[in-house]
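A closer look at the structure
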Amino acid sequence: MSTKILSAKHFLQIEGLTREHLQSLLVAAKDNLAVADQRVARKDVLAGRVIANLFFEDSTRTRCSFETAVHRLGGEVFTLAASGSSTSKGESLVDTALNIEAMGVSGLVIRSKISGGPDMVAKRVSIPVINAGDGRHEHPTQGLLDILTLQESLGSLQGKRVAIVGDIANSRVARSATHGLTILGCHVVLIGPPTLVNKSHQEMTKFRELISISHDLDSNLRDLDAIMMLRLQTERAASYGVSSDYRTLYGLTMDRALRLKPGAVVLHPGPVNRGVEIDDAVADEFGGTRILRQVTHGVAARMAVLEEVIRQ
Ligand code: NCD
């Protein structure tokens, strides 16, 4: 007899969210900042609940901020990684998830190399599943925290212009941000070498008219309200055809940061490859840089998602 509760809510992608739903998550995340910003505060919405973090790909910020978010909500959390688990003996993601569910946990947070991995699990378990990054597909809580950070500095994103620079082809961060920003009426410029950004990326969302493609960073700088720099996803593509001129053409140097629109914001999801996609001086000293603020927002955004899907 199946015990699957068909109404289990999941959080698997930003694509397809309504504007109202996205805004309500952002408002909840903003409210959580008061808790996330303090070192002692805690809510009790997950009291008595255990959440499992299944992290089958490396992570620092996402894994630790999900753990922090569960603690801030008064719940308990454990993390399972691929190495040291039966994944190394060939157990599938779905089998692992079914076994962890059988232990009585209240929700699964899943990071997977497989695009669609969390969705496969969600179809088989009775408890909520949250996507913490799946292959090249989406990283929806990163999308939320990026937007929260932009809203804090820029206010409404309707009509604003945000560039995402680098490895668009392989980046789940770029996909979630592009979906979220265009849902909110923001113009997105996808910039990078032709091997990593091409015309097909304009079809990424149904808001085609809000997406532009460019291979020239310099000509865009003065029009940007914000710029998000990405790491080359070397683990996802053996050969890039990206030359050693990458920094020369697409690196955010201080000279380039100073040519952004006054008040423009600089984001990076981390991990940062200093001296490649962004220079030290920009990451550490440029007034518009919000890289560590994104990390704080990550806790608040993940709290909002956990509250929405687990508390039912
Ligand atoms: C990103 C990821 O894993 O997709 N990092 C993160 O979650 N903060 C980006 C990356 O690895 O480059």
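The following paragraphs examine the structure supplied in this document.

About the criteria used
For every chain, the first residue of the written sequence is number 1, and numbering continues from 1 along that sequence. Only residues with pLDDT of at least 70 get local features here, since the model is predicted, and only at 80 or more are side-chain atom pairs given and counted; chain-wide, interface and lining totals rely on the full set of residues. Water and hydrogen atoms play no part in the side-chain values, which are based on all heavy atoms of the structure. To obtain an axis, a line is fitted to C-alpha atoms, over the contacting stretch when the element is a helix, and the angle between two such axes runs from 0 to 180 degrees between their N-to-C directions. Runs of H or I in DSSP of at least four residues are treated as helices and runs of E of at least two as strands, each being numbered from the N terminus. By the definition adopted for this analysis, an angle is roughly parallel if under 35 degrees, roughly antiparallel if over 145, roughly perpendicular if from 65 to 115, and oblique otherwise. In this scheme, a crossing is called left-handed if the near helix is turned counterclockwise away from the far one by less than a right angle; it is called right-handed if the turn is clockwise. Any pair of residues with heavy atoms lying within 4.5 Å of one another is described as a contacting pair. DSSP bridges decide pairing: two strands pair if at least two such bridges lie between them. By definition, a salt bridge exists where a carboxyl oxygen of Asp or Glu is found within 4 Å of a side-chain nitrogen of Lys or Arg. Burial classes: relative accessible area under 20% of the type maximum marks a residue as buried, over 50% as exposed, and values in between as partly exposed (1.4 Å probe, protein chains only). Any two of the Phe, Tyr and Trp rings considered here, Trp counted by its six-membered ring, make a pair once their centres fall within 6.5 Å; the pair's planes then place it as stacked at under 30 degrees, edge-to-face at over 60, or tilted in between. Each residue is assigned to one class: nonpolar for Ala, Val, Leu, Ile, Met, Phe, Trp, Tyr, Cys and Pro, charged for Asp, Glu, Lys and Arg, and polar for all the others, Gly among them. Throughout this description, the term nonpolar core refers to a set of buried Ala, Val, Leu, Ile, Met, Phe, Trp, Tyr and Cys residues connected via side-chain atoms within 4.5 Å. The span you would expect from a helix comes to 1.5 Å times its residue count less one. Contacts described as polar in this section are N or O atom pairs within 3.5 Å, which, within protein, must combine one atom able to donate a hydrogen with one able to accept it, while residues neighboring in sequence count only if both atoms come from side chains.

1. Notes on the packing of helix 5 (residues 140-154) against helix 6 (residues 172-183)
Relative placement of two packed helices is described by the angle separating their axes and the distance separating the axes. Where helix 5 contacts helix 6, the two axes come as close as 8 Å, and the packing angle between them is 55 degrees. Here helix 5 lies oblique to helix 6, going by the angle between them. As for the relative orientation of helix 5 and helix 6, their crossing is right-handed in sense. For the pair helix 5 and helix 6, contact is made by Pro140, Gln142, Gly143, Asp146, Ile147 and Leu150 and by Val173, Ser176, Ala177, Gly180 and Leu181, respectively.

2. Observations regarding the sheet that holds strand 1 (residues 50-55)
A sheet is described by the order of its strands in space; here four strands give the open sequence 2-1-3-4, paired in parallel fashion. Strands with a single pairing partner mark the edges of an open sheet, and in this sheet they are strand 2 (76-81) and strand 4 (129-134). Taking each pair of neighbouring strands and ignoring which way they run, the sheet shows an average axis angle of 15 degrees. In the sheet, strand 3 (residues 107-112) pairs with strand 4 via four bridges, with the strands oriented parallel.

3. As for the pattern of salt bridges
The final tally for this structure, using the stated rule, is 14 salt bridges. A salt bridge links arginine 259 to aspartate 218; the nearest nitrogen and oxygen atoms lie 3.1 Å apart. In this pair, arginine 259 sits in the loop between helix 8 (254-257) and strand 9 (265-267) while aspartate 218 sits in the loop between strand 7 (211-214) and strand 8 (226-229), placing the two residues 41 residues apart along the sequence. The partly exposed category is assigned to aspartate 218, whose relative accessible area is 29%. Across the pair aspartate 284 and arginine 274 runs a salt bridge, and its minimum N-O distance is 2.9 Å. With a gap of 10 residues between them, aspartate 284 in helix 9 (residues 280-285) and arginine 274 in the loop between strand 9 and helix 9 connect regions that are remote in the sequence. The class for arginine 274 is partly exposed, based on a relative accessible area of 45%. Salt bridges linked by common partners bring Asp218, Asp255, Arg256 and Arg259 together as one network.

4. Quick look at the packing of aromatic side chains
Using the criterion set out here, one finds one aromatic pair in the structure. Between tyrosine 246 and tyrosine 250, the aromatic rings sit 5.6 Å apart at their centres with planes inclined by 40 degrees, giving tilted as the arrangement. One end of the pair, tyrosine 246, and the other, tyrosine 250, are both in helix 7 (residues 246-250), four residues apart, so they sit about a helical turn from each other. For the pair tyrosine 246 and tyrosine 250, one class covers both residues: buried.

5. Side note on the packing of helix 1 (residues 19-36) against helix 10 (residues 291-310)
Where helix 1 meets helix 10, the closest approach of the two axes is 7 Å, and the angle between their N-to-C directions is 115 degrees. Both helix 1 and helix 10 take part in a crossing whose hand is right-handed. Contacts between helix 1 and helix 10 involve His21, Leu25, Ala28, Ala29, Asn32, Leu33, Val35 and Ala36 from the former and Arg293, Thr296, His297, Val299, Ala300, Ala301, Met303, Ala304, Val305, Glu307 and Glu308 from the latter. Classifying every residue of the contact of helix 1 with helix 10 by side-chain character gives 12 nonpolar, four polar and three charged.

6. Topic: the nonpolar core
Generally speaking, a soluble globular protein has its nonpolar side chains buried in company with each other. By size, the foremost hydrophobic cluster in this structure holds 82 residues, and its most contacted members are Leu150, Ile164, Leu181, Ile227, Leu260 and Leu306. One finds Ala97, Val105, Ala122 and Val129 within the second-largest nonpolar core, a separate group that totals 16 residues.

7. Some points on unusual backbone geometry
With omega at -5 degrees, the peptide bond leading from glycine 270 into proline 271 counts as cis. Its location among the elements puts proline 271 in the loop between strand 9 and helix 9.

8. A few points about helix 6
Taking 1.5 Å per residue as the helical rise, helix 6 with its 12 residues ought to reach 16 Å, and the 17 Å between its terminal C-alpha atoms agrees with that figure. Most of helix 6 sits inside the fold, with 11 of its 12 residues counted as buried. Arg172, Val173, Ala174, Ser176, Ala177, Thr178, His179, Gly180, Leu181, Thr182 and Ile183 are the residues of helix 6 that are buried. The backbone nitrogen of valine 173 has a side-chain oxygen 3.2 Å away, supplied by the residue at the start of helix 6, namely serine 171. Just downstream of helix 6 lies glycine 185, where phi reads positive at about 80 degrees.

9. Details of the sheet that holds strand 5 (residues 161-165)
Spatial strand order, 7-6-5-8-9: five strands in an open sheet with parallel pairing. Edge positions in the open sheet fall to strand 7 and strand 9, since each of these has one partner strand only. The average undirected angle you get between the axes of adjacent strands in this sheet is 20 degrees. Bridge count between strand 5 and strand 8: four bridges; the pairing is parallel. Considered in strand 8, the bridge of valine 165 is made with methionine 229. Where helix 5 meets the sheet, its contacts fall on strand 5, strand 8 and strand 9, and the angle it forms with strand 9 comes to roughly 165 degrees.

Read these as geometric descriptors, not functional statements.
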